[in-house]
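Take a look at the letters that make up each chain.
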Amino acid sequence: MGRPTTKADLIETANTNYQELNAFILSLTEKELTTPFEFGQEKKEAHWQRDKNLRDILVHLYEWHQLLLHWVRSNQEGKNQSFLPKPYNWKNYGELNVVFWKKHQDTDLEEAKELLRQSHQEVMELAETFSDEELFAKGVFPWVGSSTLGSYFVSNTGSHYNWAIKKLKAHRKNCK
């Protein structure tokens, strides 16, 4: 399926990819769970060096859920809030990811799994409150800007879960 353009597709893709992520996690061996991630220098994006284990990936997903939830709820309450908190923007958001990474270095894996489970549920419940038009028509909510609200949900769920799965598959390959 391509990138979702309806509420039904958004919900289905998010839940399917979340289930796929969880199934992949359950398939990880003890060696894969305990071996620190090492992707070398050939992977240029910062996240390949930042995340060192499954917990780091899960809390990353959780924190991006929190950004989405806070952004939507604040704006629904009439508090003009940008998606990324100041001083971050789309040019330096990698620095925010490092803040999230540092924040969770004492979070254990089981807690990270539970945080993500809860936040995924909250995001799905919030998505359910919007119509197709509210999610996928431009200009419905001025605080969304030139994009659609649905694109933020897609990016923070199904697409982000795919990113996590890809990273875990690369780690599995490195462990062999």
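Calculation rules
Residues numbered from 1 in each chain as written. Predicted model: local features only at pLDDT ≥ 70, side-chain atom pairs only at ≥ 80, totals over all residues. Heavy atoms only, no water. Helix = DSSP H or I, 4+ residues; strand = E, 2+ residues; numbered from the N terminus. Buried < 20%, exposed > 50% of the residue type's maximum accessible area, 1.4 Å probe, protein only. Salt bridge = Lys/Arg side-chain N within 4 Å of Asp/Glu carboxyl O. Phe/Tyr/Trp six-rings, centres within 6.5 Å; stacked < 30°, edge-to-face > 60°. Core = buried A, V, L, I, M, F, W, Y, C linked by side-chain atoms within 4.5 Å. Expected span 1.5 Å × (residues − 1). Contact = heavy atoms within 4.5 Å. Axes fitted to C-alpha atoms, helices over the stretch in contact; angles between N-to-C directions. Parallel < 35°, antiparallel > 145°, perpendicular 65-115°, else oblique. Nonpolar A, V, L, I, M, F, W, Y, C, P; charged D, E, K, R; others polar.

Engineer: Tell me what's going on with the overall build of the chain, and back it up with residues and numbers.
Structural biologist: Assigned secondary structure in the chain consists of nine helices and zero strands. In sequence order, the secondary structure elements of the chain are arranged as α-α-α-α-α-α-α-α-α. Each principal axis of the C-alpha atoms in the chain carries an extent, and together these give about 50 × 35 × 30 Å. In the chain, which comprises 176 residues, the share counted as buried stands at 47%.

Engineer: Lay out the pattern of salt bridges in plain terms, naming residues and giving numbers.
Structural biologist: Applying the stated criterion across every chain, the model contains 10 salt bridges. Put simply, Arg50, Asp51 and Lys167 are held in one network by salt bridges that share partners.

Engineer: Go over the packing of aromatic side chains with me, naming the residues and quoting the values.
Structural biologist: Any pair of aromatic rings gets described here by the distance separating the centres and the angle formed by the planes. This model, assessed by the stated rule, comprises 15 aromatic pairs. Ring geometry for tryptophan 71 and tryptophan 143: centres 5.0 Å apart, planes at 85°, overall edge-to-face. Of this pair, tryptophan 71 sits in helix H4 (residues 54–76) while tryptophan 143 sits in the loop between helix H7 (132–136) and helix H8 (149–156), and the two are 72 residues apart along the sequence. Summarising the burial analysis for this pair, tryptophan 71 and tryptophan 143 share the class buried. With a centroid separation of 5.9 Å and 15° between ring planes, the pair formed by phenylalanine 83 and tryptophan 90 is classed as stacked. Residue phenylalanine 83 is classed as buried on the basis of its relative accessible area of 7%. Linked through ring pairs, Trp64, Trp71, Phe83, Trp90, Tyr93, Phe130, Phe141, Trp143, Tyr152 and Phe153 together constitute an aromatic cluster.

Engineer: Before we move on, could you go through the nonpolar core and cite the residues and values that matter?
Structural biologist: Core analysis: the biggest nonpolar cluster contains 27 residues, and Leu68, Trp71, Val72, Phe83, Phe130, Leu149 and Phe153 have the highest contact counts within it. Among the elements that make up this core, the one with the highest residue count is H4 (six residues). Judged by nonpolar contacts, the second largest core, of 21 residues, contains Tyr18, Leu21, Leu28 and Val59.

Engineer: Account for the environment of threonine 13, with residues named and values stated.
Structural biologist: Along the chain, threonine 13 falls in helix H1 (residues 7–27). Residue threonine 13 is classed as buried on the basis of its relative accessible area, which comes to 16%. For the pair threonine 13 and leucine 58, spaced 45 residues apart in the sequence, the C-alpha separation amounts to 18 Å.

Engineer: Could you give an account of unusual backbone geometry, naming the residues involved and the relevant values?
Structural biologist: The residue after lysine 86, namely proline 87, is reached through a cis peptide bond having omega 10°. You can see proline 87 is positioned in the loop between H4 and helix H5 (93–103).

Engineer: I'd like to hear about helix H9 (residues 158–175), residue by residue, with values.
Structural biologist: Between the first and last C-alpha of H9 there are 26 Å, a value that for 18 residues agrees with the 26 Å anticipated at 1.5 Å per step. Every buried residue of H9 is accounted for by Gly158, His160, Tyr161, Trp163, Ala164, Ile165, Lys167, Leu168, Ala170, His171, Arg172 and Cys175.

Engineer: Give a detailed account of the side chain of asparagine 17, specifying residues and quantitative values.
Structural biologist: Inspection of the secondary structure puts asparagine 17 in helix H1. Of the residues examined, asparagine 17 reaches a relative accessible area of 9% and is grouped as buried. Every residue in contact with asparagine 17, bar those within four places of it in the chain, is listed here: Gly158, Tyr161, Asn162 and Ile165.

Engineer: An account of the packing of H1 against helix H6 (residues 109–128) is requested, with residue identities and associated values reported.
Structural biologist: Direction vectors running N to C along H1 and H6 enclose 170°, while the axes themselves pass 10 Å from each other. Relative to H6, H1 is oriented roughly antiparallel. Of H6, the residues touching H1 (which contributes Lys7, Leu10, Ile11, Ala14, Asn15, Tyr18, Leu21 and Ile25) are Lys113, Leu116, Arg117, His120, Met124, Ala127 and Glu128. Residues that form the contact of H1 with H6 fall into these classes: nine nonpolar, two polar and four charged.

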